[in-house]
Amino acid sequence: MANEEYGATAERRTGTSPGRRAVLGAAVLGAGGAVAGAPGVARAEGRHGKGHGHGGELPVPTVIAHRGTSGYRPEHTLGSYQLALDMGADVIEQDVVPTKDGHLVCRHENDITATTDVAAHPEFADRKTTKSVDGVQLTGWFTEDFTLAELKTLRAKERIPGTRQRNTLYDGRWDVPTLEEVLRWAERAGRERGRRVWLHIETKHPTYFRKLGLGLEEPLAKLLRRYNRHRRHSPNFLQSFEPSSIQRLRKLVDAPGVVLLSSANSRPWDFVEAGDPRTVADLIKPEGLRWMASYAKGIGPTLDLIIPKGPDGRLLEPTTLVRDAHAEDLILHPYTMRNENTFLPADFKKGTDPNAYGDAFGAFKKYFATGIDGIFSDNADTALLAAADFRDGGPVNG
């Protein structure tokens, strides 16, 4: 898509009819929950216009702390979330999976082999097993085989120590938090800071767990209601790779839903189970976007759906997804930016060490220029600087 098209799209989005995207998060300032000029609070004025993305309540582009600050601390720990908040992240992400006794805990996967010290606990040696999760064979330890009390005896550790060796310094410092503990933490931190703490909560493998009698949506909705985060203007997003999970949540709470989208040739697992032949490639066509807009407020595509890569790993021309999604009044929160060379497009790698930092700022600028509303990042501090640079810089196509 030509640069001038992006500029025209951005201009259209600054009109006086903000639509669906403008109401996301509209309660924060209106309820007196935010302090103008407070650390980490930026206004979505200027480049994209007031109201773009979140009614001006969150800055655009919005920085979403991916699993907390997983570039610096073991992911999905209170330490990771706290550092993200201290850095000023606009929104902090949680992934939720259930325990055997139905509690929701924050782990990226139900397989906790790599993210906890469970392998060092001889009392749980017999829990190691092989399972098929969404069609993938996995061998390890799984949250659904542990009660919450048992899970609380484990300690969290760095998932990719070969890449993030410094994070191993914090191995064992934190346990596996429940979602309710995170909600309490966010409530307390919001009172202390004079503004609500925004969350981005994902249901993981919801069809798989529903078959085990451990459905995620009902206990999640119950917790959201308990902490008054179930309303349309509550400071959180609900996300899932399975559209049916967002549809189910839509019937239970009014909090905005975001459909996550993997590679173009993939199929959501609930589609596989239901015999729905559609792929992600179908969902990102105008008719697919229109369908998602009927029950969701946004989409969370992989970055390759925004700007694909060529065989050499370098970025190609952007697709029309941003323009097409905005035409349906959907926000876009693509994932995931990381600072290390191994995760960056070839255009922005520096040197030969895959674990060294590359030109992350250059990559952020390229993605922001497409007009996305926010981005998930493992390195909230880097993302915040890049977003501030972008807001203070030239035109969208600059």
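Use the structure listed above.
Residues numbered from 1 in each chain as written. Predicted model: local features only at pLDDT ≥ 70, side-chain atom pairs only at ≥ 80, totals over all residues. Heavy atoms only, no water.

Enquirer: Explain the environment of Ile201 to me, using residue names and the numbers behind them.
Expert: Assignment of secondary structure puts Ile201 in strand 6 (residues 199-203). Of the residues examined, Ile201 reaches a relative accessible area of 0% and is grouped as buried. The spacing of Ile201 and Val258 is 57 residues in sequence and 9.6 Å in space, taken between C-alpha atoms. Those residues in contact with Ile201, other than ones at most four positions away along the chain, are Gln94, Val96, Leu179, Leu220, Leu224, Phe237, Leu238 and Gln239. (Helix = DSSP H or I, 4+ residues; strand = E, 2+ residues; numbered from the N terminus. Buried < 20%, exposed > 50% of the residue type's maximum accessible area, 1.4 Å probe, protein only. Contact = heavy atoms within 4.5 Å.)

Enquirer: Talk me through the pairing of strand 7 (residues 236-240); I want residue IDs and the actual numbers.
Expert: In the case of a regular strand, side chains alternate between the two sheet surfaces. The buried count for strand 7 comes to five of five residues, which makes it a mostly enclosed element. By the alternation rule, side chains of strand 7 split into Asn236, Leu238 and Ser240 and Phe237 and Gln239, which are all buried. Pairing between strand 7 and strand 8 (residues 257-261): three bridges, direction parallel. Looking at the pairing, Gln239 lines up with Val258 of strand 8. Assessed by its sense of winding, the connection that carries the chain from strand 7 through helix 9 (residues 243-252) to strand 8 is right-handed. (Pairing = 2+ DSSP bridges. Right-handed = clockwise from strand over helix to strand, strands pointing away.)

Enquirer: Now, about helix 9: what can you tell me, with residues and values included?
Expert: Residues Pro243, Ser245, Ile246 and Leu249 constitute the buried set of helix 9. The arc enclosing the buried residues of helix 9, seen along the axis, measures out at 155°, which places them on a common side. (Arc of directions from axis to C-beta.)

Enquirer: Talk me through the packing of helix 6 (residues 179-193) against helix 8 (residues 217-226); I want residue IDs and the actual numbers.
Expert: Where helix 6 meets helix 8, the axes come as close as 11 Å, and the angle between the chain directions of the two elements is 20°. As judged from the angle between their axes, helix 6 and helix 8 are roughly parallel. Relative to helix 8, the crossing made by helix 6 is right-handed. Seen from helix 6, the contacting residues are Leu179, Glu180 and Leu183; seen from helix 8, they are Leu220, Leu223 and Arg226. By residue class, the composition of the contact of helix 6 with helix 8 is four nonpolar, no polar and two charged. (Axes fitted to C-alpha atoms, helices over the stretch in contact; angles between N-to-C directions. Parallel < 35°, antiparallel > 145°, perpendicular 65-115°, else oblique. Left-handed = near helix turned anticlockwise from the far one by under 90°. Nonpolar A, V, L, I, M, F, W, Y, C, P; charged D, E, K, R; others polar.)

Enquirer: Residues and numbers for the layout of surface pockets, please.
Expert: As a volume, the largest pocket reaches approximately 870 Å³. Of all the secondary-structure elements, those providing two or more residues to the lining of the largest pocket are strand 2 (91-98), strand 5 (136-140), strand 6, strand 7, strand 8 and helix 13 (303-306). Split by residue class, the lining of the largest pocket holds 18 nonpolar, ten polar and twelve charged. (1 Å grid on protein atoms, 1.4 Å probe; cavity = no way out; pocket = protein on both sides within 12 Å on 5 of 7 lines; lining within 4 Å. Points joined across faces, edges and corners; volume = space filled by probe spheres on them.)

Enquirer: Tell me what's going on with the packing of helix 4 (residues 78-87) against helix 6, and back it up with residues and numbers.
Expert: Any two packed helices are characterised by the angle at which their axes cross and by the distance between the axes. In the contact formed by helix 4 and helix 6, the axes pass within 12 Å of each other and the chain directions differ by 25°. Between helix 4 and helix 6, the interaxial angle falls into the category roughly parallel. The handedness of the crossing between helix 4 and helix 6 comes out as right-handed. Along its contact with helix 4, which presents Leu78, Tyr81, Gln82, Leu85 and Asp86, the element helix 6 presents Val182, Trp185, Ala189 and Arg193. Tallied by class, residues from the contact of helix 4 with helix 6 come to six nonpolar, one polar and two charged.

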